[in-house]
Amino acid sequence: MGYRYALVGNPNCGKTTLFNAVTGSNQYVGNWPGVTVEKKEGKITHDNMDASIVDLPGIYSLSPYSMEEIVTRNYILDEHPDLIVNIVDATNLERNLYLSMQLAELGIPMVIALNMIDVVEKNGDNIDIQMLSAMLGIRVVPISAAKGTGIHKLLHAANHEAEHGNDSAGRHMDKHCNMCAPPDIYTGPVRSAILKIERLISDDCNERGLPLRWSAVKLIEGDAPTLETLALRDAALSRIESIVSELETKNIDREMVIADQKYQYICSVTAKCVTRAHEAGHMTLSDKIDRVVTNKYLAIPLFFGLMLLIFYITFGALGANLTNLVDGLINDTFASFVREGLVRVGASDWAVGLVCDGVIGGLGAVLSFLPQILLLFFFLSILEDSGYMARAAFIMDRALHSIGLSGKSFVPMLMGFGCSVPAVMATRTLENEKDRRITMMLIPFMSCSAKMPVYSMFILAFFPARRGLVVGSLYLLGFLVAIAAALVLQKTVLKGGHAPFVMELPPYRMPTLKTLGLHLYDKIKDFMTKAGTVLLGASVVIWFCQYFNFSLHHVENSAESILGTVGSFLAPIFAPLGFGDWKSSVSMISGLIARESIVSTMGILQGAGDTGMLSELIAKAYTPASAYAFMVFNLLFIPCMAAVATLRREMNSRKWTALALGFQAVTAWVITFIVYQVCKVIF
Amino acid sequence: MIIELTKLKVGQKSRVVSLTCTGAVRRRIIDMGITPGAVVVMRKAAPLGDPLEINVRGYELSLRKAEAQGITVETED
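Residues numbered from 1 in each chain as written. Chains lettered and ligands numbered in written order. Predicted model: local features only at pLDDT ≥ 70, side-chain atom pairs only at ≥ 80, totals over all residues. Heavy atoms only, no water.

**Here we look at the overall build of chain A**
Counted only if it meets this: For helices the rule is a DSSP run of H or I covering at least 4 residues; for strands it is a run of E covering at least 2, with both sets numbered from the N terminus onward. With C-alpha atoms as the basis for the radius of gyration, the globule rule is written as 2.2 Å multiplied by the number of residues raised to the power 0.38. Partly exposed residues are those whose accessible area sits between 20% and 50% of the maximum for their type, while under 20% is buried and over 50% is exposed, using a 1.4 Å probe and protein chains only. By definition, residues are in contact when any of their heavy atoms lie within 4.5 Å. For accessible areas, the Shrake-Rupley method is used with a probe of radius 1.4 Å. Any residue's cover is judged against the shown protein chains and nothing else.
Summing up its helical and strand segments, chain A has 30 helices and 10 strands in all. Taking 2.2 N^0.38 as the reference for a compact globule, 683 residues should give roughly 26 Å; the C-alpha atoms of chain A span a radius of gyration of 29 Å, in line with that estimate. Dimensions of chain A, computed from C-alpha atoms along their principal axes, come out at roughly 90 × 55 × 50 Å. Every one of the 683 residues in chain A was classed for burial, and the buried ones make up 56%. Relative to all contacts within chain A whose residues are 6 or more apart in sequence, the contacts with residues 24 or more apart total 71%. Counting every atom, chain A has about 28700 Å² of accessible surface; 62% of that belongs to carbon and sulfur.

Put into structure tokens, the structure is as follows:
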């Protein structure tokens, strides 16, 4: 079996870029052992090396502070990877090395990938790599993950370390790079305290399989999980207590003493290894951009301007034209080609119907909205990759604070405009469990990109001239409902204090075409998989159920079909909302499979051949008020099953998931009812 | 002069003296490199007045005033 590497580093240090660079397309998403949290794993494809690498969440420290830190820490401690590849941002050396110093204490062989070395050189700074390696006692390989330089060397170093690194429990001599055992970073009383504690707990550590230095240091910091795992006897505990209390001074207590020594050591290292072209506090390009972007007067108008621009491009002329183009290709050119072919080979009527009306009609209606979905994702990816999302959190924190949330909740919520699934997963950056739950419950109210096709369908039929206004009002409504919901939840089921807000503002980076391409490729792949499996299956089932009745006889009037019967049973629930017919209720329920499914179901049930025909049929079946109500309910109702599954997993509680879904269903019904009553008067 | 971090003027440089905050946020602040002796420069306040942006250990960090109140610094003048 090959080696297993763990890729660990700070957030925003290029970890994912490196992961993509070393694994190519050889990636797969698995689950964490024990807890069900997704992890990304890949095979290293360079030089036929036999190794796999796990992409661990970006973290600042191994303190059990956020969920991502706990996940990473448990992975390393429980799964014992053969080697840690620690990626370090060379432009932000001090804080990145703090994590490296913690990792080094785990006694697992390690190499440091010193990323963004090209940026350091461009800034005119210089890092003495040899000296850095020697002082840290860890092999350092300069790389640029974005440009793909140094990757070969890094993998060779990793392979070498994994082979020889464990020679003497992580502390090794390396003849090739003149490296000796890692220097002791602790000095004076701290050092002797650590050595004393190590002697006290060495047997317990062996027994429980915990690294000795790591455990001693964690005991000084009063780390709860370590105390629990070691389960020391009272005598040992009180001995440790007296050792630790001797260490404390007026300004430096036990929690700080280790971090203080680590940072002091790091400072002595950087002072020797780094020569800077500019003094500290020099205005970087990032600082200059921030003078405008987070400016007191410009920041908020800029933020809203940016959002408007993105939605204008996505839903305006460009998006609409692309949609028409794809629609024409699939529903006219392709569908008529297939229909002719099937008729020529003598296929029966129902087979032609199933393929052309069921499959192509259903999927085609959905596929034609793919360009708009991709456009929206493209812009959201740029916001994310460039570092703007953190600024959005910074700008909006005060406003979110007043509804009891933190600016950090804002990023997942913005991502919710793309897709709820990654957005819900992004809540892992929130440290506070209460904030995390509330944010997860609010995300489905953000209008995700899969809800777009539904709006487009109704807008085409009823409001073609006021497209912007209608779409804008829906996004705004979702946002307002989320705010109101946050306030309600805050006052009722999820009471508790305000969460702290401590967040890095990473330097702006130009998003690379390669990464953007990868994001879009992933999205297309996702969408196509969904279209080929879930949506295809749903389309076939829906077509089948509206073609036959319960005794499997073909019915002329689809109201008598299986679907018609079920739909008529559900319809009274939706009647007060303005769309109490069986076709609407079935379409809406099919949206629980995937939101796009509403469009494909509607296409099949209305018997439409293409988007143009569908909009004519819809114009007959609805009124402007009921159309708008349908869109509102689609916006607020329980999200698709992929999102529900993610919610369930991330909430890690059946009760909370049920509560969230119930809350969304009730909110959707009540708000839609009000909106419909108001619209009836206005329209 | 020893003051609360929140009292720094924009652009003013200082050194961390001690942390008076408690709990999980204290651990995070320490991990982010705010330890006694660290140089902190005040950058700005967000448009709505909160949070603050500071420069510490060569990177930009934002934190709320409520958190910054628990950090005592010494200014150079």
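On we go from here.
**Quick word on the packing of aromatic side chains**
Applied cut-off: For this analysis, a ring pair means two rings from Phe, Tyr or Trp (six-membered ring only for Trp) whose centres lie within 6.5 Å, classed as stacked if their planes differ by under 30 degrees, edge-to-face if by over 60, and tilted for the remaining angles. Should the NZ of a Lys or the CZ of an Arg lie within 6 Å of a ring centre and within 35 degrees of the ring normal, that charge is described as sitting over the ring.
The full count for this structure, using the stated rule, is 23 aromatic pairs over all chains. Relative to Tyr475(A), the ring of Phe417(A) lies with its centre 5.3 Å away and its plane at 50 degrees, an arrangement referred to as tilted. With Phe417(A) in the loop between helix H18 (407–415) and helix H19 (420–426) and Tyr475(A) in helix H22 (residues 467–491), this pair connects stretches of sequence that are 58 residues apart. We note that Phe417(A), like Tyr475(A), is buried. Pairing Trp543(A) with Tyr547(A) gives two aromatic rings, centres 4.4 Å apart and planes at 25 degrees, and the pair type is stacked. In this pair, Trp543(A) and Tyr547(A) both sit in helix H23 (residues 513–547), four residues apart, roughly one turn of the helix. Site record: aromatic cluster; members linked through ring pairs are Phe458(A), Phe574(A), Phe579(A), Tyr622(A), Phe630(A), Phe633(A) and Phe637(A). For Arg95(A), the ring lying beneath its charged end belongs to Tyr59(B), and the centroid distance is 4.2 Å.

**A few points about the sheet that holds strand E10 (residues 502–505) of chain A**
Here is the rule we go by: Think of it this way: DSSP has to see at least two bridges between two strands before they count as a pair. Helix axes are fitted only over the stretch in contact, all axes being lines through C-alpha atoms; the angle between N-to-C directions runs from 0 to 180 degrees.
In space, the seven strands of this open sheet follow the order E10(A)-E5(B)-E4(B)-E3(B)-E2(B)-E6(B)-E1(B), with antiparallel pairing throughout. Among the strands making up the open sheet, the edge pair consists of E10 of chain A together with strand E1 (2–4) of chain B. Direction aside, the axes of adjacent strands within the sheet are offset by 40 degrees on average. Bridge count for E1(B) against strand E6 (residues 71–75) of chain B is three bridges, and the pairing is antiparallel. Residue pairing for E6(B): Ile2(B) is matched across the bridge by Glu74(B).

**Looking at the pairing of E10(A)**
In the case of a regular strand, side chains alternate between the two sheet surfaces. Of the two faces of E10(A), the one lined by Val502(A) and Glu504(A) and the one lined by Met503(A) and Leu505(A) are each fully buried. Two elements, E10(A) and strand E5 (residues 59–63) of chain B, share four bridges in a ladder whose sense is antiparallel. For Val502(A), the partnering residue across the bridge sits in E5(B) and is Leu63(B).

**Concerning the nonpolar core**
As a reminder of what qualifies: Side-chain atoms within 4.5 Å are what join buried Ala, Val, Leu, Ile, Met, Phe, Trp, Tyr and Cys residues into a set we call a nonpolar core.
Within the largest apolar cluster, 117 residues are counted, with the highest numbers of intra-cluster contacts made by Leu442(A) and Phe458(A). In this structure, Leu442(A) is in contact with Leu405(A), Met413(A), Ala482(A), Ala485(A), Ala486(A) and Leu489(A), ignoring residues within four places of it in sequence. By size, the runner-up hydrophobic cluster in this structure holds 89 residues, among which are Leu56(A), Ile138(A), Ile30(B) and Leu63(B).

**Examining the interface of chain A and chain B**
Short version of the rule: In this description, buried area is defined as the sum, over both parts, of the accessible area (probe of 1.4 Å) that is lost when the two are combined. By definition here, a salt bridge exists when the distance from a side-chain nitrogen of Lys or Arg to a carboxyl oxygen of Asp or Glu is within 4 Å. Distance and chemistry together define a polar contact, namely a pair of N or O atoms within 3.5 Å, with one atom able to donate a hydrogen and the other to accept it when in protein, and with adjacent residues in sequence counting only for side-chain atoms on both sides.
Contacts between chain A and chain B engage 46 residues on the former and 34 residues on the latter. With both chains or domains summed, chain A and chain B bury close to 3500 Å², and 57% of this area falls on carbon and sulfur atoms. Here chain A and chain B share seven salt bridges between them. Between Arg28(B) and Glu69(A) there is a salt bridge, with the nearest N and O atoms lying 2.3 Å from each other. Remark: the boundary between chain A and chain B carries 20 residue pairs in polar contact (both at pLDDT 80 or more). For the side of chain A that touches chain B, the secondary-structure elements that each account for two or more residues are helix H3 (93–104), helix H11 (254–273), helix H12 (285–293), helix H13 (299–315), helix H17 (388–401) and E10 of chain A.

**Overview of the pattern of salt bridges**
Counted according to the given criterion, the structure contains 26 salt bridges over all chains. Of the charged contacts, one joins Glu504(A) and Arg95(A) as a salt bridge, the two residues approaching to 3.3 Å between their closest N and O atoms. With Glu504(A) in strand E10 and Arg95(A) in helix H3, this pair connects stretches of sequence that are 409 residues apart. Each member of the pair, Glu504(A) together with Arg95(A), is buried. The partner of Arg344(A) in a salt bridge is Glu340(A), and the shortest N-O contact between them spans 3.9 Å. Of this pair, Arg344(A) and Glu340(A) both sit in helix H14 (residues 317–344), separated by four residues, roughly a single helical turn. We classify Arg344(A) as exposed; its relative accessible area is 67%. One network of salt bridges, in which partners are shared, links Lys218(A), Glu221(A), Arg27(B) and Asp31(B).

**Considering the packing of helix H8 (residues 212–221) of chain A against H11(A)**
All names here are of chain A. Rules: Angle categories: roughly parallel below 35 degrees, roughly antiparallel above 145, roughly perpendicular from 65 to 115, and oblique for all the rest. In this count, Pro and Cys sit with the nonpolar residues alongside Ala, Val, Leu, Ile, Met, Phe, Trp and Tyr, while Asp, Glu, Lys and Arg are called charged and the others, Gly among them, polar.
Contact pair H8 / H11: the axes reach a minimum separation of 6 Å and the direction vectors enclose 130 degrees. One way to sum up the angle between H8 and H11 is to call them oblique. Residues Val217, Ile220 and Glu221 of H8 lie in contact with H11, whose contacting residues are Arg254, Glu255, Val257, Ile258, Ala259 and Lys262. In terms of residue class, the contact of H8 with H11 is made up of five nonpolar, no polar and four charged.

**Observations concerning the domain arrangement of chain A**
Residues and elements named next belong to chain A. Let me state the cut-off plainly: All the domain ranges listed were derived from an automatic or database domain assignment.
We note that the domain assignment places domain 1 (3–164), domain 2 (188–275) and domain 3 (304–682) within chain A. Measuring from the centre of the C-alpha atoms in domain 1 to the corresponding centre in domain 2 gives 25 Å. Listed as interface residues are 23 residues of domain 1 and, on the opposing side, 23 residues of domain 2. Approximately 2100 Å² of surface area, both sides summed, lies buried where domain 1 meets domain 2, with 67% of it carried by carbon and sulfur atoms. Our enumeration of links across domain 1 and domain 2 arrives at two salt bridges. Note that Lys262 and Glu105 form a salt bridge whose closest N and O atoms lie 3.4 Å from each other.

**Topic: the confidence of the model for chain A**
Low-pLDDT portions of the prediction should not be read for the details of their coordinates. Residues and elements named next belong to chain A. Stated precisely, the cut-off is as follows: Residue-level confidence of the predictor, termed pLDDT, takes values from 0 up to 100.
Averaged over all residues, the pLDDT of chain A equals 86, while 94% of them reach at least 70. Taken as a whole, residues 30–37 scores under 50 in pLDDT and shows 20 contacts with residues more than four places along the chain or in a different chain. Taken together, the stretch residues 168–181 has pLDDT below 50 and engages in 21 contacts with residues farther than four places along the chain or on a different chain.

**A short note on the packing of helix H21 (residues 452–462) of chain A against helix H26 (residues 596–606) of chain A**
Residues and elements named next belong to chain A. It is at 6 Å that the axes of H21 and H26 come closest, and there the two elements cross at 40 degrees. As far as their axial angle goes, H26 and H21 are oblique. Residues Pro453, Val454, Met457 and Phe458 of H21 form the contact with H26, whose participating residues are Glu596, Ile598, Val599 and Met602. Of the residues that constitute the contact of H21 with H26, the class distribution is seven nonpolar, no polar and one charged.

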